[in-house]
Amino acid sequence: MKTVYYLLFGVFILIALIACKKNYGVISSANVYKISDYPLKLNNQWRYKVTDFYSGTTDTLTLQIISVKSSDSELDWFCTLSEKGRIVDSGKYVQTQTQVSYIGLNKNYSYFGDFIFSFPIAANSLWIGFYPVDTVKLISIDSNLIVNGIKYDDIFYVKRAFYLIGNYSLVQTLQIAPKIGIVEQTISAFNGALPQNQNFSLIDYKLN
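Note that the coordinates shown come from a computational prediction; the quantities given were computed from them, not determined experimentally.

## Thoughts on the packing of aromatic side chains
No. 1: Applying the stated criterion across every chain yields a total of 17 aromatic pairs.
No. 2: When the centroid spacing of 5.4 Å and the interplanar angle of 80 degrees are considered together, the rings of Phe112 and Phe200 count as edge-to-face. One end of the pair, Phe112, is in the loop between β5 (99-104) and β6 (115-118); the other, Phe200, is in strand β12 (residues 196-206), with 88 residues separating them in the sequence. For the residue pair Phe112 and Phe200, the accessibility class agrees, reading buried in each case.
No. 3: Pairing Phe162 with Tyr168 gives two aromatic rings, centres 6.1 Å apart and planes at 40 degrees, and the pair type is tilted.
No. 4: Taken together, the ring pairs connect Tyr33, Tyr38, Trp46, Tyr48, Tyr93, Tyr102, Phe112, Phe115, Phe117, Phe119, Phe156 and Phe200 into an aromatic cluster.

Right, here's the structure in full:
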C-alpha cells in the first residue's frame, strides 16, 4: 500500500513541477503590486476557461461580485460562481488594509480555490497562507503574458505550496495583472488518491 502511495505522490509532484515550469522574468525593485491594483467593486465580473485534467473536462466559470459588507477592519465582497447560467458556488473576497483573500463558502469544495495575497507584492515578497506551513511567494514579474489570445502586461507570478499531516498537499500558482486580477491559475492537489489538477485561464472581464 505504501508503495502505491509513494508512486502516486511522485506522479503528483512531477505533474505539479511540469505545470509550474516557466521562464522566470527579472524582478526589479521598481515593480510593485499595490492593494489598490486589485480591482474589487460591485458587479465586477471575470469569466474563466476551466480545464480539469482529473475528469478530462473543460467548462466556463463566471465569478461575479454581487454584494459588499463593511466593518471596522475589513470589507467582505460576496461572490457567485456560475456555470452555464447556473450558480454552482459562492465565495467572498476579504479585503483588509494589507491583504486580499478569497474564501469559498462551500466548506467541502471551493470551485475557484482559496488564496491570500499580502500587499505590497514586490521583490522578495513571502507570506503565510491559511496554515503555518502554507507558504506563498513571488516567483517572477514578467513583462507580458498571452492568455486565450489576449495580451496582459506586468504579470506577477505567485506560487503557493504546502503539505499537511494526513497526506494532503497542494501546489497553486496564480498570475495576476494590475487593475485586472487573476489572469491564470493552476491548482494541483493530492490527498492520497489520484492528483487533481485544474487550470483557470481568463476569457474576458467586466470591471467598474
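More follows now that the structure is in view.
## Quick word on the sheet that holds β5
No. 1: Taken in spatial order, the 12 strands line up as β6-β5-β4-β3-β2-β1-β12-β11-β10-β9-β8-β7 in an open sheet, and their pairing is antiparallel. Two strands in the sheet have a free side with no partner beyond their single neighbour: β6 and β7 (126-128). On average, each strand axis in the sheet is tilted by 25 degrees relative to the strand beside it, whichever way the strands run.
No. 2: Two strands pair when backbone bridges link them, and strand β9 (residues 150-164) and strand β10 (residues 168-177) are joined in this way by nine bridges, in the antiparallel orientation.

## Topic: the confidence of the model for the protein
No. 1: Looking at the protein as a whole, its pLDDT mean stands at 86, while 83% of the residues score no less than 70.
No. 2: Taken together, the stretch residues 1-27 has pLDDT below 50 and engages in 43 contacts with residues farther than four places along the chain or on a different chain.

Conventions adopted
Residues numbered from 1 in each chain as written. Predicted model: local features only at pLDDT ≥ 70, side-chain atom pairs only at ≥ 80, totals over all residues. Heavy atoms only, no water. Phe/Tyr/Trp six-rings, centres within 6.5 Å; stacked < 30°, edge-to-face > 60°. Helix = DSSP H or I, 4+ residues; strand = E, 2+ residues; numbered from the N terminus. Buried < 20%, exposed > 50% of the residue type's maximum accessible area, 1.4 Å probe, protein only. Pairing = 2+ DSSP bridges. Axes fitted to C-alpha atoms, helices over the stretch in contact; angles between N-to-C directions. pLDDT = per-residue confidence, 0-100. Contact = heavy atoms within 4.5 Å.

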